[in-house]
Amino acid sequence: MLTLMSMFYYICLRRRSRSGTRGEALTSRRAVESGQRAVLPVSVEVEQYAKEVLDFSSHYGSENSMSYTMWNLAGVPNVYPSSGDFTQTAVFRAYGKWWEQCASAPPPFRRTPKGFHSQDYIELGFEEPVYPTAVDVLETYYPGAIVQIMACSHNPFTQNPPTDVRWEVLWSGEPTKVLTPQARQFSPNIKHINFPTNLLRIEVNSSLLDYYTELDAVILRGVKERPMLARYKMPIIDINDLSDSEEELSDLGGPFRQGGEAKRTANGYFDKLPYELIQLILSHLTLPDLCRLAQSCKLLHQHCCDPLQYTQLSLQPYWGRLSDASLGHLQSRCTLLQRLNLSWIGNRGALTLTGFSSFMKACGQSLGSLELSCCHFLNEPCLEVISQTCPGLQELNLSSCDRLQPQAFTHISKLTRLRRLVLYRTKIEQTAILSVLTFCTELRHLNLGSCVRIDDYDIVASMLAARCYSLRSLDLWRCRNLTDRGLAELVTGCRMLEELDLGWCPTLQSSTGCFQHLARNLPRLRKLFLTANRTVCDSDVEELAASCPSLQHLDILGTRLVSPASLKKLLQACPRLLLLDLSFCSQIDMRVVQELSGLFPNVAIKKSFTQ
């Protein structure tokens, strides 16, 4: 075997020497023989910052400003090497495990691969395509969230439509909790790829962090010419690459392939196992593993194709490999499908209306939950298909589907059994949301965060109070025009509310008594975000302490009028409290935070800093 490989390398070097210089051939041969990294071509390494932010799943900031938005990642650093909480950085919407613990969070999907950790992502375009030699991410606050860096073969700035788009993992790891929140330059050892790229994707998982991670800039280093060693070396096959191979996913529904001509009539002890027991064993396999097993024998092929194995299906971990053909092969197995996660899938032409519609028509009749976060292939006909083929749909997530046109959302009102609806960062307008609230009266969880095209949130609040009595959670993050009148109607009509996010709602004023009225009318309240409302005062906090004993999460970041005394009353009256964000509260310094943390060790009291 060694002799054959040596001959292969020798032939490659001979061919190269005919077209290249003698020095290049000798350099490449020495690199191969010594097992060291090849000397790059004479071309100079290019260093470039991101030219443009192309796509992202969430951000803390507003759609109409630059503070805490993902757009801050374009260009040179704004903050680094300084550490702390700066508005000029890129910040994702969530951190820690608080959001996963809320009643509004959906249950996790079965069969999610253990190696899939990603919760958020951002895609960056660079000026020049290069063969990457290094990627540097400048993290300025609570680093450690990055779990994967990927490169794409498609040039996002070309005028040609994308064809044969290919994604390669440059680096991947597990979420970590760095001991210090100080700034750092994250420079992992990346894998060399055989195509030039100017499109990077960074995926993060902030679940282990104590506060929001902040990113300042991304540097892509690389060469314009392909490294010489990459032209000759044999590919190294990684078992992790095999587990999610595109061929396996696209061939899921293909006919069973017999391993030979001899017919086997017995399967050993498997013939004696109950059908249900084999099904239970197979239910612990990931989707690619189930695909492999289906090709081993007729008995297991039958089990692996049983629709009961596909009542829940999360394709999000394979977002970069899925296509119309993949969904087509899965159709025959998903006739009993109840929960489907297609988040992040289908962008840049990977899925079409035809492929999506065909799958939904075949598999949507029993569907109760549909996750479509960041699916930019969606258009109005797609939502029309969903409304026609999924009569029993109870959960719909369209988070960050920001390219859906406003008229598309009118079809949601036909899904009258909806209980959970996520419209974060979409273009839904007032007429459409009022229509949805008119017909979808069973809503339990509604997310309208950063929906900037809704003109009058008071009317929306009034409609919620009149139609959605069973509402449990409502996210109005960064709604710009909700007043005390609309809030009063909301809390009077929706008294079952357990979660209410009013973060960055500047038109609410404590002087009207709206927050005290809120506390008195929502005794079941477990989560309340009043982020960046400067008017929250001691009277509001004391009313929460008196009326909301089940409170678990409270964010009053940025208020100037809350004192340590009222906070102590709150902590004593709310024994279930887990999170209290006091960042930028001018009367609360680190000494007070340390004192309260010592008295109430089970509460995570947050106080960000700026260096």
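Keep in mind it's a predicted model, so treat the numbers as computed, not measured. (Residues numbered from 1 in each chain as written. Predicted model: local features only at pLDDT ≥ 70, side-chain atom pairs only at ≥ 80, totals over all residues. Heavy atoms only, no water.)

**What about the overall build of the protein chain?**
No. 1: A tally of regular secondary structure across the protein chain gives 19 helices and 21 strands.
No. 2: The buried share of the protein chain, reckoned over its 611 residues, is 53%.
No. 3: Counted over contacts in the protein chain with a minimum sequence separation of 6, partners at least 24 positions apart contribute 80%. (Helix = DSSP H or I, 4+ residues; strand = E, 2+ residues; numbered from the N terminus. Buried < 20%, exposed > 50% of the residue type's maximum accessible area, 1.4 Å probe, protein only. Contact = heavy atoms within 4.5 Å.)

**Examining the packing of aromatic side chains**
No. 1: Under the definition given, this model contains 19 aromatic pairs.
No. 2: Measuring from centroid to centroid gives 5.2 Å for Y60 and Y68, while their planes differ by 80 degrees, and the two rings are edge-to-face.
No. 3: Overall, Y68 belongs to the buried group, its relative accessible area being 9%.
No. 4: Ring geometry for W171 versus F186: centroids 5.2 Å apart, planes at 75 degrees, classification edge-to-face. Separated by 15 residues along the polypeptide, W171 in strand 6 (residues 167-172) and F186 in strand 7 (residues 184-186) bring together distant segments of the chain.
No. 5: Its relative accessible area of 19% is what places W171 among the buried residues. (Phe/Tyr/Trp six-rings, centres within 6.5 Å; stacked < 30°, edge-to-face > 60°.)

**As for helix 12 (residues 380-389)**
No. 1: When helix 12 is considered as a whole, its buried residues turn out to be C382, L383, V385, I386, S387 and T389.
No. 2: On the buried face of helix 12, the contacting elements are helix 11 (353-363) and strand 12 (369-371).

**Brief notes about the side chain of Q148**
No. 1: Within the secondary structure, Q148 is located in strand 5 (residues 146-152).
No. 2: For Q148, the contacting residues outside a window of four places in its chain are V169, W171, S172, R201, I202 and E203.

**Some words on helix 11**
No. 1: What helix 11 keeps buried is the set G355, F356, S357, F359, M360 and C363.
No. 2: Buried residues along helix 11 sit in contact with helix 10 (324-330), strand 11 (339-341), strand 12 and helix 12.

**Comments concerning the confidence of the model for the protein chain**
No. 1: Confidence in the prediction of the protein chain, expressed as mean pLDDT, is 89, and 86% of residues score 70 or more.
No. 2: Across residues 1-42, where pLDDT falls below 50, the model places 37 contacts with residues more than four positions away in sequence or in other chains.
No. 3: With pLDDT under 50 throughout, residues 232-247 is counted as low confidence; its partners more than four residues away or in other chains account for 22 contacts. (pLDDT = per-residue confidence, 0-100.)

**A word on the sheet that holds strand 14 (residues 420-422)**
In sheet architecture, strand pairing relies on hydrogen bonds along the backbone and comes in two forms, parallel and antiparallel.
No. 1: Read from one edge of the open sheet, twelve strands run 10-11-12-13-14-15-16-17-18-19-20-21, paired in parallel fashion. Each end of this open sheet is capped by a strand with a single partner; those strands are strand 10 (312-314) and strand 21 (604-606). On average, each strand axis in the sheet is inclined to that of its neighbour by 5 degrees, with strand direction left out of account.
No. 2: Note: strand 18 (residues 527-529) against strand 19 (residues 553-555), three bridges, orientation parallel. Within the sheet, the bridge partner assigned to K527 lies in strand 19 and is H553. (Pairing = 2+ DSSP bridges. Axes fitted to C-alpha atoms, helices over the stretch in contact; angles between N-to-C directions.)

**Comments concerning a nonpolar patch on the surface**
No. 1: A cluster of nonpolar side chains, F270, L273, L277, L280 and I281, forms an exposed patch at the surface whose accessible area comes to about 420 Å².
No. 2: Residue position: L280 is located in helix 7 (residues 275-282). (Patch = residues over 30% accessible without salt bridge, like charges linked within 9 Å, V, L, I, M, F, W, Y side chains within 5 Å. Areas by Shrake-Rupley, 256 points an atom, 1.4 Å probe, with all protein chains shown as cover. Salt bridge = Lys/Arg side-chain N within 4 Å of Asp/Glu carboxyl O.)

**Description of the side chain of E543**
No. 1: Mapped onto the elements of the fold, E543 is located in helix 17 (residues 538-547).
No. 2: Note on E543: relative accessible area 17%, which makes it buried.
No. 3: Contact partners of E543, with chain neighbours within four places excluded, come to Q516, A519, R520 and C548.

**Let's talk about the environment of N521**
No. 1: As for its position among the elements, N521 is in helix 16 (residues 514-521).
No. 2: For N521, a relative accessible area of 11% puts it in the buried group.
No. 3: Sequence separation between N521 and R495 is 26 residues; the distance between their C-alpha atoms is 6.3 Å.
No. 4: For N521, the residues in contact, after removing those within four places along its chain, are V491, T492 and R495.
No. 5: Separated by 2.5 Å, the side chains of N521 and R495 make a polar contact. (Polar contact = N/O pair within 3.5 Å; in protein donor to acceptor, adjacent residues only side chain to side chain.)

**Structural notes on the packing of helix 13 (residues 430-439) against helix 14 (residues 457-467)**
No. 1: The interhelical angle for the contact between helix 13 and helix 14, taken along N-to-C directions, is 10 degrees, at an axis separation of 9 Å. By the angle class used here, helix 13 and helix 14 are roughly parallel. In this structure, helix 13 uses Q430, I433, L434, L437 and T438 to contact helix 14, whose residues at the interface are I459, V460, M463, L464 and R467.
No. 2: Looking at the contact of helix 13 with helix 14 residue by residue, the classes come out as seven nonpolar, two polar and one charged. (Parallel < 35°, antiparallel > 145°, perpendicular 65-115°, else oblique. Nonpolar A, V, L, I, M, F, W, Y, C, P; charged D, E, K, R; others polar.)

**Considering the pattern of salt bridges**
No. 1: Taken as a whole and assessed by the stated rule, the structure comprises 26 salt bridges.
No. 2: Here R221 ties to D136 by a salt bridge, and the two come within 2.6 Å at their closest N and O atoms. Within this pair, whereas R221 is found in strand 9 (residues 214-223), its partner D136 is found in strand 4 (residues 120-141), the two being separated by 85 residues in sequence. Pair check on accessibility: R221 and D136 agree, each one buried.
No. 3: Notably, a salt bridge pairs R425 with D402, separated by 3.2 Å at the nearest N-O pair. Here R425, found in the loop between strand 14 and helix 13, pairs with D402, found in the loop between strand 13 (395-397) and strand 14; they are 23 residues apart in sequence, far enough to count as distant.
No. 4: One salt-bridge network, in which partners are shared between bridges, spans E123, R201, E203 and R348.

**Comments concerning unusual backbone geometry**
No. 1: Geometrically, the link from Y80 to P81 is a cis peptide bond, its omega value of 15 degrees lying close to zero.
No. 2: Locating P81 in the fold gives a position in the loop between strand 2 (52-56) and strand 3 (90-91).
No. 3: At Y68, a position not held by glycine, the phi torsion is positive, near 60 degrees.
No. 4: Assignment of secondary structure puts Y68 in the loop between strand 2 and strand 3.
No. 5: Of note in this structure, S450 is not a glycine but carries a positive phi near 60 degrees.
No. 6: With respect to the helices, strands and loops of the structure, S450 is situated in the loop between strand 15 (445-447) and helix 14.

**Quick notes on the packing of helix 18 (residues 564-573) against helix 19 (residues 590-599)**
No. 1: Interhelical geometry of helix 18 versus helix 19 gives an angle of 20 degrees and a closest axis separation of 11 Å. Classified by the angle between their axes, helix 18 and helix 19 sit roughly parallel to one another. For the pair helix 18 and helix 19, the crossing hand works out as right-handed. Contacts from P564, L567, K568 and L571 in helix 18 reach V592, L596 and L599 in helix 19.
No. 2: Grouping the constituent residues of the contact of helix 18 with helix 19 by class yields six nonpolar, no polar and one charged. (Left-handed = near helix turned anticlockwise from the far one by under 90°.)

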